[in-house]
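Listed below are the residues making up each chain.
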Amino acid sequence: MSDAGDKKQLSFETANDDDKELVALGYKPSFKREFTNLATISFAFSIMGLCSSISTTFNTPLLLGGPASVVWCWILGASMCFTLGASIAEIVSAYPTCGGLYTASAQLVPAQYRAKVGWLVGWLNILGQIAGISSTEFGLANMILAAVSVGRNGNFEITQGKTVGLFAGLLVVHGLLNSVATRYLARMTKGFVFVNLGATFIIIVVLLAKTPRSEMHPANYVFGSAGIINQAEGWNTGIAFLFGLLSVQWTDYDATAHISEEVQRAAYAAPSAIFIAVIGTGLIGWLLNIVLILCSGPLENLPGPSNSAVLEILYLRCGKAGALFIWAFVCITAFFVVQTALHAASRTLYAFSRDHGLPDAGYFGRNSKRTQTPLRAIWLTTFVSILPGLLDLASPIAANAIFSLTAMALDLSYVIPIFCRRIFQDHPDVMFKPGPFYMGKGWLGITCNIICICWTLFICVIFSLPTVRPVTGDNMNYASVITIGVIFLASIWYILGARKHYTGPKSNLHDDSVEAITQGSSTSDSDYDTKTQA
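Note that residues are indexed from 1 along each chain, following the sequence as it is written. Where local features are concerned, this predicted model is filtered to residues with pLDDT of at least 70; where side-chain atom pairs are given and counted, the filter is 80 or more; whole-chain, interface and lining totals use all residues. Computation of side-chain values covers all heavy atoms of the structure but excludes hydrogens and water.

By the naming in an unreviewed UniProt entry, the protein is Amino acid permease/ SLC12A domain-containing protein, taken from Psilocybe cyanescens. The UniProt entry for the protein carries this comment under Subcellular location (unreviewed entry): "Membrane". UniProt positions are given in the numbering used here, feature names are shortened, and annotations may be inferred rather than shown by experiment.

See below:
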C-alpha cells in the first residue's frame, strides 16, 4: 500500500465512531462534538418551549373551542405527536447529519427522485424553520411588551414600531449568541431544560396554592361538556373544538437532528432526546393546561388588557409582582426556544448550501476557521428571519401569512421522508439500514408511521381553515396558500435552473474547501455508495 494509502487508512481508523458514520454517509466531520447527553436533551426540550409555547398559543383553543378544547386537544395532539416523534427519531438515528430529515429524504428514494425530493423537503424545512424563528421571536416581543403594560397598569402603548424594533433587536442578540464556538453553545444549552421545566412546575404549584378551592372550576368545566364553548364565528362546535389542536402542533420536532454533527454518540443521543422531549412535553404540558383552566377564573375576563390569557391568570392569582416575576421566566424560556431554533435552522441552511442547494457555490456551506461553526449561515438565517417581522410595519396581514407557514411546511417536511422510507425501504437504491433507535419491522413501526402520516395530513386541513367566517381579506388563513406557493415556486425554480447545480445530497469527502475536525475523515466514493445502498 502506498504512503498516501497508509495515511488514509490510519487516519480513518483513528476517527471516532460518530465521525466514521458521518464519513460513511459521505460527509467530512466539520464540527466539534461538544453536546453531551444532557445538553442534547436540554436542546430538544428547549426547542419545544413548553410553558412559553403554551403561553403564546393558549388564547387560540380557549377563545375558539373553550376550556375543554384546551385540555383534550392538547393530549389528543400530543398522543399523535408521540408517533411523529418516534418516526422522526427512527430516521434521525439512521442518518445523523446536520441536514436532518432533508438529507434523509433524498436517501430514502430511488436515485432518479433524490434531487427532486431533496429539493422540495429542503425548502419546506428551511422556510418552515425560518418562519418559526420569526413568529416565535415576534411572540416573545409581544410577551415582553405585555409584561411592561401590566407593570405600568395599562399606561403603556404597544405600537407596531416598538414591537418590530424589539423583535429585530432580539434576533440580533440571538445571532450573536449563536456565533460562539460549539463548546460554549453546549454549555449554555445544558441549563435550558432546568429553567424550562422549573418555570413550568413553579406555575403549576403557585396557581394551585394561590387559588381558593371555592374559585377552582368544577371537573365538568375542565374536562366535560360545560367547558365546550363555541366562540368561533361561523363554525359548528366540532370544528371550533378542533381548533384547539393549533396549540400543540406549533413546534419543531426535528430540530435536534440538525445538531447531530455536534452531538456525541449522535445515532443514540439525538433520536433519544427527540423521543424523550416529545413525551415529556406532551405529558407535562397537559398537566399545565389542566391547572391553567382549573384556576382561570371567569372566561369573560380573558384574555384581558394584556391580550395574554396566561399572564392574566397569573395576575389574578399571584398579583402584579408575582405574575411579572413568573412571567420573566416564561419569557426566558421563549428566548431559549429562539436560541435553539436559530442554531438548528443555520445548520440546515449550511447543509443545503453544502449540497449546492443554494445558488451560492457552497458559500454558506463553510465553517468559520475560528469558531468551527457556520457563521455565514447563522447570519443569513438571522437576517432572513427579520424580514417577516419588518413586513408587519407595512402589512400585519402579510406578516401573519408568512408566520402561518411554520407548522404546515415543517409537518409536510417530516412526513415526506417517513412516507418514502415505508415505500422504498427495500428498493435497491435505498436498502434502508436502521440505526440504534429502531421500532422494528413489525406492527409497532408500521402503525406509528401510518398514524403520524394520516394525522399530519388531517392537521394540515385544520391549519388551513380560517377561524372566523365569513372569510375576508383580514381574517383569511393564508397557511395553505403560502405553503402551496412555496411548493410551486420551488418546483419552477428547480425546473428552470436549480437542477443544473443541485443533484441531491452530495458527498464532500474530496472537497478541499471543507476542513475536517478530526483526521481520517476521508474515504472513497465507493465507501459512500456502499453505505447508501447497504
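Okay, back to it.
## A few points about helix α8 (residues 114-151)
In this description a helix means any DSSP run of H or I spanning at least four residues, a strand means any run of E spanning at least two, and both kinds are numbered starting from the N terminus. Each helix should span, by expectation, one fewer than its residue count multiplied by 1.5 Å. Along its 38 residues, α8 runs 54 Å from first to last C-alpha, staying within 8% of the 56 Å computed at 1.5 Å per residue. Most of α8 sits inside the fold, with 30 of its 38 residues counted as buried. The rule is simple: take the accessible area with a 1.4 Å probe, protein chains only, and divide by the maximum for that residue type; under 20% is buried, over 50% is exposed, in between is partly exposed.

## Some details on a nonpolar patch on the surface
Residues form patches when they are more than 30% accessible in relative terms and have no salt bridge. Like charges link within 9 Å. Nonpolar side chains (Val, Leu, Ile, Met, Phe, Trp, Tyr) link within 5 Å. The method behind every accessible area is Shrake-Rupley, applied with a 1.4 Å probe, and residues are considered shielded solely by the protein chains displayed. Counted as salt bridges are all cases of a side-chain nitrogen of Lys or Arg within 4 Å of a carboxyl oxygen of Asp or Glu. Together, Phe 488, Leu 489, Ile 492, Ile 495 and Leu 496 give the surface a local cluster of nonpolar side chains, amounting to about 540 Å² of exposed area. Within the secondary structure, Ile 492 sits in helix α21 (residues 479-496).

## Here we look at a positive patch on the surface
Residues Lys 32, Arg 183, Arg 187 and Lys 190 make up a contiguous surface patch of positive charge. Here Lys 32 shows up in the loop between α2 (17-24) and α3 (37-48). Accessibility expressed as a relative area gives 32% for Lys 32, which makes it partly exposed. We count Lys and Arg on the positive side and Asp and Glu on the negative side, and we leave His and both chain ends out. We put the charge of a Lys on NZ, of an Arg on CZ, of an Asp on CG and of a Glu on CD.

## Considering the nonpolar core
Membership of the largest hydrophobic core comes to 60 residues, with the highest contact counts inside it found for Phe 35, Ile 88, Tyr 95, Leu 108 and Tyr 253. The element contributing the most residues to this core is helix α15 (residues 266-294), with seven residues. Two residues qualify as a contact provided that any one of their heavy atoms is within 4.5 Å of a heavy atom in the partner residue. Not counting chain neighbours up to four residues away, the residues in contact with Tyr 95 comprise Leu 25, Ala 104, Gln 107, Leu 108 and Phe 432. Counting 43 residues, the second-largest nonpolar core is a separate cluster that includes Leu 62, Leu 294, Leu 299 and Ile 326. Buried residues of nine kinds, namely Ala, Val, Leu, Ile, Met, Phe, Trp, Tyr and Cys, make up a nonpolar core once their side-chain atoms join them within 4.5 Å.

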